[in-house]
Amino acid sequence: MKCNEKPALPLGIMVVRGNIRIWKQNGITMGLNLQQIETDLLRHFTQPSFGEAFVKFVEGSTAITPVVVLGHRQFSTLFPDQAAKLQQMKNVIYDGDPDFAVKVTAPVQVIFANFRIGGVERTEEYQWLLLQSVLPHTGYVTPLQDWFSTAMRDNGEGWLAEACDQEYQKKISYIVLSGFDNTETLTVMLKSFCEYTEPRDDNELIVVLNGYTEFPQEAISVAAARGFSVKTVFRNKNVGVALGFNEGLRMANGEYICCIQDDITFSQPNWDRELSGYLDQYPQIGIVGGHTAFYTFHTDMKSPWDIPYCHVNSTIKGRCDWPLMKQALVQVDQTVCICMMVRRDLAMFDWHFAPTGLDDLGVCMEARRKGFEIYATDVGIEHAMITSVIRGKLDQQSANARIDKGMQIMRAFHLPYFVETYGDMIRSAASKGAINTPQDMERYIKVLPKAA
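All of these numbers come straight from a predicted model, not from anything done at the bench.

*Asks:* Break down the overall build of the protein for me, citing the residues and quoting the values.
*Replies:* Assigned secondary structure in the protein consists of 15 helices and 20 strands. The buried share among the 452 residues of the protein stands at 50%. The long-range fraction of contacts in the protein, counting pairs at least 24 apart against all pairs at least 6 apart in sequence, stands at 79%. Surface summary for the protein: the accessible area is close to 21,700 Å², and the carbon and sulfur share equals 53%.

The structure is reproduced here in structure tokens:
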């Protein structure tokens, strides 16, 4: 081999599995990520094949002139077997040799054996050689640096992009909305969530603490100990459901957004992968609910201040009571943020429904406006397992006010806004007829097979 010849070595290839790209090298696969990328790349570039190539490079150089190997200390740590070969080669002098200064008596070729960028001219041995009459001004080469630097120049952007993708491109972002210091309920919910949901590199958990005065460390520690990547939003003022979920959405990296309330429990392993699987399988579906089905009809209003529509819905508290949802994927008009999986581009809540009311229904209607269908199915979720949706003294006071004085004042804006925006998509009053339960809707809706 000529002394200036730089052998080409295998650098690994990228293969795709689902939405996660994997680096494959010599039959070994590993996912590149920011935490491990330096370690993984060092492991790759310290394969014995690189050490052997360096030894051959040095051997070829000795046919022309004696060789001084600088950086031998690190080389011997990374390539111990190959370093031992260098020590036995004729016409090779290496730093670390106690007789180094004695052996350098004639013009030499300096070969740097260190990975360190810009490291050769900083070594004491090289500075000493400069003072001798044995070293030309251009007399050193850096084959190891050349190999890995060329690889990094040609492939580094792709490798770094892959590592960033592992962190910032997720399959599912779970956004849990919890309000008014509802710590006890949140803790139970997250314990149940962690029992039936698998932490993976392609998911993340975001907990929005909406109107909290103390950080619920125990609840968050449950998820962290399970292995979830957990982000939290702490707000000392409650901004309602719509803006609360939007706070989490701003931090989310998921392809799919799973909106979850803090007062549910789970009983089905991998419930989330069933819901996301429907979005993978059916591109026409924009949202999949995991608990509740709604069908919305206009009403014949006797007064402009009557409620302008009515709902036919499955039971909200407890397990879903519609048998069809246990057997199939059922098309619905709307589902709710008790638990719903939404395509990211459809997940923004409309601020017009703040602070609380019709927010998730609006998300569903907006998705339908854009041409998507809404479905729901039972994935083993139970709602309101400890208390009701009433949380803490502040929310209890609000509930008492509603009982004393009627619906929230903002409903006088929310309801007509909903009808003005989506009225053409609401079922006619005449079409309701004898439809009073979800079972009555079964002959009017589409049903898809449930995942096995």
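*Asks:* So, the packing of helix α1 (residues 37–45) against helix α7 (residues 143–168): which residues are in play, and what are the values?
*Replies:* Contact geometry of α1 with α7 gives a least axis separation of 12 Å together with a crossing angle of 145°. Note that α1 runs across α7; the crossing there is right-handed. Contacts between α1 and α7 involve Ile 37, Leu 41 and Phe 45 from the first element and Phe 148, Ala 151, Met 152, Trp 159, Leu 160 and Ala 163 from the second. Taken together, the residues of the contact of α1 with α7 break down into nine nonpolar, no polar and no charged.

*Asks:* Residues and numbers for helix α8 (residues 183–196), please.
*Replies:* Taking 1.5 Å per residue as the helical rise, α8 with its 14 residues ought to reach 20 Å, and the 20 Å between its terminal C-alpha atoms agrees with that figure. Residues of α8 that are buried include every one of Thr 185, Leu 186, Thr 187, Met 189, Leu 190, Ser 192, Phe 193 and Cys 194, and no others. Residues of α8 that are buried make contact with β8 (170–179), β9 (203–210), α9 (217–226), β11 (254–261), β12 (264–266) and α11 (271–281).

*Asks:* Which residues make up the environment of Val 176, and what values do they have?
*Replies:* Structurally, the position occupied by Val 176 is in strand β8. Taking the relative accessible area as the measure of exposure, Val 176 reaches 0% and is therefore buried. Setting aside its immediate chain neighbours within four residues, Val 176 contacts Leu 186, Met 189, Leu 205, Ile 206, Val 207, Val 208, Ile 260 and Asp 262.

*Asks:* Hey, could you go over the side chain of Ser 178 for me, with residue numbers and the actual values?
*Replies:* With respect to the helices, strands and loops of the structure, Ser 178 is situated in strand β8. Within the local environment of Ser 178, its side chain forms a polar contact with the side chain of Tyr 212, the two groups lying 2.6 Å apart. Ignoring any residue separated from it by four or fewer positions in sequence, one finds Ser 178 in contact with Leu 186, Val 208, Leu 209, Asn 210, Tyr 212 and Asp 262.

*Asks:* Could you give an account of a nonpolar patch on the surface, with specific residues and numbers?
*Replies:* A surface patch of nonpolar side chains, about 300 Å² in accessible area, is lined by Leu 34, Leu 160 and Tyr 168. Topologically, Leu 34 is positioned in the loop between β3 (28–30) and α1.

*Asks:* Give a description of the environment of His 298 that names residues and reports values.
*Replies:* For His 298, the location among the structural elements is in strand β14 (residues 294–298). Under the relative-accessibility criterion, His 298 is labelled partly exposed at 23%. Excluding anything up to four places from it in sequence, His 298 contacts Pro 308, Tyr 309, Val 419, Gly 423, Ile 426, Arg 427, Ser 428 and Ala 429. Engagement of the side chain of His 298 in a polar contact is seen with the backbone oxygen of Gly 423, the distance being 3.0 Å.

*Asks:* I'd like a rundown of the packing of α8 against α9, residues and numbers included.
*Replies:* Helix-helix packing is described using two parameters, namely the angle between the two axes and the distance between the axes. Following both chains from N to C, one finds α8 and α9 inclined at 10°, their axes separated by 8 Å at the closest point. As the angle between them shows, α8 and α9 are arranged roughly parallel. Contacts from Leu 186, Thr 187, Leu 190, Lys 191 and Cys 194 in α8 reach Glu 218, Ala 219, Ile 220, Val 222, Ala 223 and Arg 226 in α9. For the contact of α8 with α9, the per-class residue count stands at seven nonpolar, one polar and three charged.

*Asks:* So what's going on with the sheet that holds strand β7 (residues 140–141)? Residues and values would help.
*Replies:* The four strands are arranged β5-β4-β6-β7 in an open sheet whose pairing can be described as parallel. The outermost strands of the open sheet, each flanked by one partner alone, are β5 (92–94) and β7. With three bridges joining them, strand β4 (residues 67–70) and β5 adopt parallel strand pairing. Its bridge partner lying in β5, Val 67 is registered against Val 92.

*Asks:* Account for the confidence of the model for the protein, with residues named and values stated.
*Replies:* Low pLDDT marks stretches whose predicted atomic positions should not be read closely. The predicted model of the protein averages 86 in pLDDT, with 86% of residues at 70 or higher. Here residues 1–30 is modelled with pLDDT under 50, and outside its nearest four sequence neighbours on either side it reaches 70 contacts, counting other chains as well. The model gives residues 386–392 a pLDDT under 50, and that stretch makes 22 contacts with residues more than four places away or in other chains.

*Asks:* Pulling in residues and values, what's your account of the nonpolar core?
*Replies:* Counting 49 residues, the largest nonpolar core has Phe 193, Ile 260 and Trp 271 as the members making the most contacts within it. Examining the composition of this core, we find that five residues originate from one element, α8, more than from any other. Setting aside its immediate chain neighbours within four residues, Phe 193 contacts Tyr 174, Leu 205, Phe 228, Ile 260, Phe 266 and Trp 271. In terms of nonpolar packing, the next biggest core, distinct from the first, is built from 38 residues, Ala 293, Val 332, Phe 349 and Val 363 among them.

*Asks:* Provide a residue-level description of the packing of aromatic side chains, including the pertinent values.
*Replies:* If you walk through the whole model with that rule in mind, you get 22 aromatic pairs. Centroid distance Tyr 174 to Trp 271: 6.3 Å. Interplanar angle 55°. Geometry classified as tilted. Pair noted here: Tyr 174 is in strand β8 and Trp 271 is in helix α11, with a separation of 97 residues, a long-range link. Judged by its relative accessible area of 0%, Trp 271 falls in the buried class. Aromatic pair Phe 353 and Tyr 417: ring centres 5.4 Å apart, planes at 70°, arrangement edge-to-face. With Phe 353 in the loop between β17 (339–343) and α13 (359–369) and Tyr 417 in helix α15 (residues 411–422), this pair connects stretches of sequence that are 64 residues apart. A relative accessible area of 15% places Tyr 417 in the buried class. Taken together, the ring pairs connect Tyr 309, Phe 353, Phe 413, Tyr 417, Phe 418 and Tyr 422 into an aromatic cluster.

*Asks:* Break down the pairing of strand β13 (residues 285–289) for me, citing the residues and quoting the values.
*Replies:* Counting buried positions over the five residues of β13 gives five, a clear majority of the element. Both β13 and β17 contribute to a ladder of three bridges, which runs antiparallel. Of the residues in β17, the one forming a bridge with Gly 289 is Met 340.

*Asks:* Now, about the sheet that holds strand β20 (residues 447–449): what can you tell me, with residues and values included?
*Replies:* The nine strands lie next to each other as β10-β9-β8-β11-β17-β13-β18-β16-β20, forming an open sheet whose pairing is mixed. At either end of the open sheet lies a strand with only one pairing partner, and these are β10 (230–235) and β20. This sheet shows a mean twist of 25° between the axes of neighbouring strands, independent of strand direction. In this fold helix α10 (residues 240–249) packs onto β8, β9, β10 and β11, with an angle of close to 140° to the strand it touches most, β8.

Rules used in this analysis
- Residues numbered from 1 in each chain as written.
- Predicted model: local features only at pLDDT ≥ 70, side-chain atom pairs only at ≥ 80, totals over all residues.
- Heavy atoms only, no water.
- Helix = DSSP H or I, 4+ residues; strand = E, 2+ residues; numbered from the N terminus.
- Buried < 20%, exposed > 50% of the residue type's maximum accessible area, 1.4 Å probe, protein only.
- Contact = heavy atoms within 4.5 Å.
- Areas by Shrake-Rupley, 256 points an atom, 1.4 Å probe, with all protein chains shown as cover.
- Axes fitted to C-alpha atoms, helices over the stretch in contact; angles between N-to-C directions.
- Left-handed = near helix turned anticlockwise from the far one by under 90°.
- Nonpolar A, V, L, I, M, F, W, Y, C, P; charged D, E, K, R; others polar.
- Expected span 1.5 Å × (residues − 1).
- Polar contact = N/O pair within 3.5 Å; in protein donor to acceptor, adjacent residues only side chain to side chain.
- Patch = residues over 30% accessible without salt bridge, like charges linked within 9 Å, V, L, I, M, F, W, Y side chains within 5 Å.
- Salt bridge = Lys/Arg side-chain N within 4 Å of Asp/Glu carboxyl O.
- Parallel < 35°, antiparallel > 145°, perpendicular 65-115°, else oblique.
- Pairing = 2+ DSSP bridges.
- pLDDT = per-residue confidence, 0-100.
- Core = buried A, V, L, I, M, F, W, Y, C linked by side-chain atoms within 4.5 Å.
- Phe/Tyr/Trp six-rings, centres within 6.5 Å; stacked < 30°, edge-to-face > 60°.

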